[in-house]
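Structural overview
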Amino acid sequence: MIQKVLIIGGVATGTKAAARIKRRNPDTEVTIIEQGAIVSYGACGLPYFISDVVHDQKELFSTPIGIPRDEIFFKNVKRVAVYTKTRAEEIDRNNKVVKTVHIETGEKKDFSYDKLILALGGIPVAPPLKGVNLRNIFQLRTIEDGLAIKQYLAKGKANQTVIVGSGLIGLEMAEALYDWGIETSVIEMLDWILPTVFDRDMGLILSRYLEGKGVHIFTSEKVVRFEGDETGAVKRAITDKRELTTDLVLLAVGVKPNVDLAKKAGLALGETGALQVNDYLQTSDPDIYAGGDCVENTHRLSGKKIYAPLGSTANKHGRIIADHITGGKSSFPGVLGTAICKVIDFNAAKTGLTEHEARAQGFEVETVICPGPDRPHYFPGWGNIIIKLIADRKNGKLLGAQIMGQGDVAKRIEIVVSALSLKAPVKEIATFDLAYAPPFSPALDNIITAANVLENKLNGMAKSLSPLEVREKLERGDDFIFLDVRSPKEYEELRIDHPKITLIPLGKLQEELKNLPKDKEVITFCQISLRGYEAQRMLEAHGFKKVKFMEGGVVAWPFEMVGKIWQ
């Protein structure tokens, strides 16, 4: 019987494991040591605390009925001893002792264990730039970080801000600063925003939306230094292309695993630089477990090791660790890289492999981009969403999805997560018996429609090009007919502004066929390219040999246009 479990780290994995161990084996002595002042808080809620959606920071570490999850709570309710402001300095594996020091008093204390859980978390990456230590340059990882940012914003002295990095935290903070009414610039060194989450075609759509809201997006651009004023506060961010005046900088360039303590103890690191663990979250020392942002995970589709720090994964790790320590056989199967975020009133989600990841790993890839309203057009409050599906052309298995828009993307991405977890082929997804009523979805849900279109592509019935491929053809000056089959009214309200475009409404296309050369390539499109696909089939039926439709139509066109899609 395990008598003593010691946990280093008290945010997600640590507290979840502690509570689960006590539920499964109440006699086990469980102790948490945490170098911060607060335990068991919702770090993912920090951007919403800063934007004041969450008014009081205490809500981030309280129960649903308002009881703070502090040392007293864990002692009285969970029967777990918690030591805050206590830093672990050394793991003595031979004697099964962790040496600690109290951050404020300097008091040293040794904690013995039978089993040790490392919930060390991650560390925000700080780029080694000149001026990075100027005042009002922040990172966001802890409640203390969030409080410092919010207190500065409350002074009313920030008129312009710069966010370095366009990952999930960077874009969620762009929303928070937007809510404060502050002019914000996002600088991303790669070619599109959220580059580890989305493919370029989808990232560009999100950029277009944010720019329409007044958020400045600068991609393929690198910050080289910061400059301050006479008081030591940041005043300028200098990139390799421009100079931006700013009152506040948020560094959001990523997170790295916090592994120094474990490395010093001789525990093995994986290929990602995070701690190596087995399916039960045991490290190279079977008496030491690890979970959360300090460990690497296995991707369930590729089988490769990845570093994917997420609060949801950290909580699952805690449960698996607790089960195994208390005699259970639960194991962790890995992750799909699922992520979701809200940016102002635009929702964006991803699961599985992106197109560029799938190609890099040797898959023969087929994709589709399929927009549409998330509910019937007649139902109030509907919003467009754009779905990109990625599949293996050899066997029709789904590999991933990216979904974004102003409608409900969450439930669609969860459907794909289920399909990927069960290794469902695309054609099976198209037959899923999903719940339907007009307040929730069209009669054929968007994910079913997207699966149908992808299945049509896989069997050769639908022939299409992505918006990026069409853009490349335009830039090369290829000779083709770019055929818009929408109505004149739609064209006037919103259009791709290019001289190559020919407007022939679908209802008049039959009578206009005689005016189109059959030996010339034709690319058709409409608002979402449903009519574009119908036009492709019509033209093929009349002997046109080189016809394709542009996936996603105007809604998924990620470049400049006349008019505005996203309100």
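Read on for a plain summary of the structure. Computed from a predicted model, the values in this text were never measured in an experiment.

Next up on the list: the sheet that holds strand E6 (residues 108–112). Read from one edge to the other, the open sheet built from 3 strands follows the order E4-E5-E6, with strand pairing classed as antiparallel. With one partner strand each, in any of the chains shown, strand E4 (86–92) and E6 form the two edges of the open sheet. The mean inter-strand angle of the sheet, taken between neighbouring strand axes irrespective of direction, is 25 degrees. With 6 bridges joining them, E4 and strand E5 (residues 97–102) adopt antiparallel strand pairing. Bridge assignment links Ala 88 to a residue of E5, and that residue is Thr 100.

Attention now moves to the packing of aromatic side chains. Taken as a whole, this structure holds 9 aromatic pairs when the rule is applied. Between the aromatic rings of Phe 73 and Phe 74, the centroid separation amounts to 5.6 Å while the plane-to-plane angle is 90 degrees, which identifies the pairing as edge-to-face. Exposure class is identical for Phe 73 and Phe 74. Each is buried. Here the aromatic rings of Phe 138 and Tyr 152 are separated by 6.3 Å at their centres, their planes lie at 45 degrees, and the arrangement is tilted. With Phe 138 in strand E9 (residues 137–138) and Tyr 152 in helix H4 (residues 143–154), this residue pair connects regions lying 14 residues apart in the sequence. No difference in accessibility class separates Phe 138 from Tyr 152, as the two residues are buried. Put simply, the rings of Tyr 209, Phe 346 and Trp 566 pair up and form one aromatic cluster. In this structure, Arg 471 packs its charged tip against the face of Phe 559, placed 4.1 Å from the ring centre.

Moving on, we come to the state of the cysteines. Taken as a whole and assessed by the stated rule, the structure comprises 0 disulfides. The closest cysteine sulfur to the non-disulfide-bonded Cys 44 is located on Cys 341, 12 Å from its own sulfur. Exposure remark for Cys 44: the relative accessible area of 53% places this residue in the exposed category. Note on Cys 294: no disulfide assigned, nearest cysteine sulfur contributed by Cys 44 at a separation of 16 Å. Judged by relative accessible area, Cys 294 falls into the buried class, the value being 0%.

This paragraph deals with the nonpolar core. If you look at the biggest cluster of nonpolar residues, it comprises 67 residues, and the most contacted ones within it are Ile 149, Leu 206, Leu 210 and Phe 482. When residues in this core are grouped by element, the largest group, 6 residues, is from helix H6 (residues 200–212). Other than its neighbours up to four places away in sequence, Phe 482 contacts Val 470, Leu 474, Ile 496, Lys 500, Ile 501, Thr 502, Ile 523, Phe 525 and Met 550. If you look at the next biggest cluster of nonpolar residues, it comprises 43 residues, including Val 5, Leu 6, Val 259 and Ile 288.

Before going further, it helps to examine the layout of surface pockets. Of the voids in this model, the second largest pocket is the one considered here, and its volume is about 700 Å³. Together, 32 residues line the second largest pocket, and Pro 371, Gly 372, Pro 373, Ile 528 and Leu 530 are the ones closest to its centre. Mapped by element, the contributors of at least two residues to the lining of the second largest pocket are strand E23 (365–373), helix H12 (446–458) and helix H16 (530–541). Its residues assigned to classes, the lining of the second largest pocket shows 17 nonpolar, 13 polar and 2 charged.

In this section: the packing of helix H1 (residues 13–24) against helix H8 (residues 311–325). Taken N-terminus to C-terminus, the directions of H1 and H8 make an angle of 35 degrees; their axes are 7 Å apart at the nearest point. The handedness of the crossing between H1 and H8 comes out as right-handed. Every residue of H8 that contacts H1 at Thr 13, Lys 16, Ala 17, Arg 20, Ile 21 and Arg 24 is listed here: Ala 314, Asn 315, His 317, Gly 318, Arg 319, Ile 321, Ala 322, Asp 323 and Ile 325. Its residues placed into classes, the contact of H1 with H8 shows 6 nonpolar, 4 polar and 5 charged.

The parallel open sheet is built from 5 strands, whose spatial order is E26-E30-E29-E27-E28. Edge positions in the open sheet fall to strand E26 (464–465) and strand E28 (501–503), since each of these has one partner strand only. Judged from the 3 bridges that link them, strand E29 (residues 522–525) and strand E30 (residues 547–550) form a sheet pairing that is parallel. Bridging across to E30, Ile 523 finds its partner in Lys 548. Here H16 sits on the sheet in contact with strand E27 (481–484), E29 and E30, set at roughly 175 degrees to E30.

About the cut-offs
Residues numbered from 1 in each chain as written. Predicted model: local features only at pLDDT ≥ 70, side-chain atom pairs only at ≥ 80, totals over all residues. Heavy atoms only, no water. Pairing = 2+ DSSP bridges. Helix = DSSP H or I, 4+ residues; strand = E, 2+ residues; numbered from the N terminus. Axes fitted to C-alpha atoms, helices over the stretch in contact; angles between N-to-C directions. Phe/Tyr/Trp six-rings, centres within 6.5 Å; stacked < 30°, edge-to-face > 60°. Buried < 20%, exposed > 50% of the residue type's maximum accessible area, 1.4 Å probe, protein only. Lys NZ or Arg CZ within 6 Å of the ring centre and 35° of its normal. Disulfide = S-S within 2.5 Å. Core = buried A, V, L, I, M, F, W, Y, C linked by side-chain atoms within 4.5 Å. Contact = heavy atoms within 4.5 Å. 1 Å grid on protein atoms, 1.4 Å probe; cavity = no way out; pocket = protein on both sides within 12 Å on 5 of 7 lines; lining within 4 Å. Points joined across faces, edges and corners; volume = space filled by probe spheres on them. Nonpolar A, V, L, I, M, F, W, Y, C, P; charged D, E, K, R; others polar. Left-handed = near helix turned anticlockwise from the far one by under 90°.

Remember, this is a structural readout, not a statement about activity or role.
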